[in-house]
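Okay, here's what each chain looks like letter by letter:
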Amino acid sequence: MTAQLNPRGDVAVLVPAAGAGVRLGPGRPKALRLLAGEPLLVHAVRRLAAAPSVHTIVVAAPVAEVTAVRELLTPVAPVIVVPGGAERQASVAAALAAVPAGPSIILVHDAARALTPSELVESVAAAVRAGQDAVIPVLPVVDTIKEVGAGEVVLGTVDRSALRAVQTPQGFRRAVLSAAHAAAGDPLTDDAGLVEKQGVSVSCVPGSEYALKITRPFDLALAEHLLATGG
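Please read these numbers as outputs of a predicted model, since none were measured by experiment.

1. Points about the UniProt feature "site: Transition state stabilizer" (unreviewed entry) in the protein
Part 1 of the argument: UniProt tags Arg 23 and Lys 30 as "site: Transition state stabilizer" (unreviewed entry).
Part 2 of the argument: Here Lys 30 is to be found in the loop between β1 (11–16) and β2 (34–35).

Okay, here's the thing in structure tokens:
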């Protein structure tokens, strides 16, 4: 099976899926934990593949699970599966190196955001296509935020009007992301942070409540509820 989805698409999506996910408790790597009977990665890839502009999906899997992940995803969508690294940045770099010639837009997406709608994928890609170098989906911060010092003493209240909670997929012009990873020093968990270090401006588009990150058992329960109610 070819690893190409839409031959006319201009987007490649990288899915770093090699993390352990210790906050979900002991067990398989986080991307392979079950949500409503299917691994998080399956849910995520299915939604990515439904986005019309996606040409290629590259998954960076745990080294010991590469064959299993390839077999798992074959019935879902044509994907490229590569061994991931010890850190997220290494996994993204490995996936980026496997993108074939063609796509000029690169999205990086967390498998843990398994319910991200394909419409958000298209929204991020469209913003890059319109001329932005780097784009992130965001939601307003709704909680009161306190700065806390030693002894858990409150130092002050942070103005949340300028704060945003960042989601994925994050989108980049291919050359911008490639240059950022080539120049990367200390590993970061956020690709937008890498391009920011290169002086590149990062723009925002509205995120989605369904793009929640499944990190804790509570998140998993919430995602199961959303699925059961049509999410």
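2. Quick notes on the nonpolar core
Part 1 of the argument: By size, the foremost hydrophobic cluster in this structure holds 33 residues, and its most contacted members are Val 15, Leu 41, Ile 57 and Val 59.
Part 2 of the argument: Among the elements of the structure, β1, α1 (40–49), β4 (54–61), α2 (66–73), β6 (105–108) and α4 (118–129) are those that each provide at least two residues to this core.
Part 3 of the argument: The element that contributes the greatest number of residues to this core is α4, accounting for six residues.
Part 4 of the argument: Not counting the four nearest positions on each side in its chain, Val 15 is found in contact with Leu 41, Leu 48, Ile 57, Val 58, Val 59, Ala 60, His 109 and Ala 111.
Part 5 of the argument: If you look at the next biggest cluster of nonpolar residues, it comprises 20 residues, including Val 92, Ile 106, Phe 172 and Val 200.

3. Observations regarding the pairing of strand β8 (residues 145–148)
Part 1 of the argument: In this structure, β8 lies alongside strand β9 (residues 154–158), joined through four bridges in antiparallel fashion. Considered in β9, the bridge of Val 148 is made with Val 154.
Part 2 of the argument: Counting the residues that bridge the hairpin from β8 to β9 gives five residues, and of these Gly 151 lies at a positive phi of roughly 70°.

4. A look at the pairing of strand β7 (residues 134–140)
Part 1 of the argument: In terms of burial, β7 is a largely internal element, six of the seven residues being buried.
Part 2 of the argument: Note: β7 against strand β11 (residues 170–173), two bridges, orientation antiparallel. By the bridge assignment, Ala 134 is partnered in β11 with Phe 172.
Part 3 of the argument: In this sheet, strand β12 (residues 202–206) lies alongside β7 in parallel orientation, the contact comprising five bridges. In the sheet register, Pro 137 faces β12, and the bridge partner there is Val 205.
Part 4 of the argument: Pairing between β7 and strand β10 (residues 164–166): three bridges, direction antiparallel. Of the residues in β10, the one forming a bridge with Leu 139 is Ala 165.

Conventions used here
Residues numbered from 1 in each chain as written. Predicted model: local features only at pLDDT ≥ 70, side-chain atom pairs only at ≥ 80, totals over all residues. Heavy atoms only, no water. UniProt positions renumbered as here; feature names shortened; annotations may be inferred. Helix = DSSP H or I, 4+ residues; strand = E, 2+ residues; numbered from the N terminus. Core = buried A, V, L, I, M, F, W, Y, C linked by side-chain atoms within 4.5 Å. Buried < 20%, exposed > 50% of the residue type's maximum accessible area, 1.4 Å probe, protein only. Contact = heavy atoms within 4.5 Å. Pairing = 2+ DSSP bridges.

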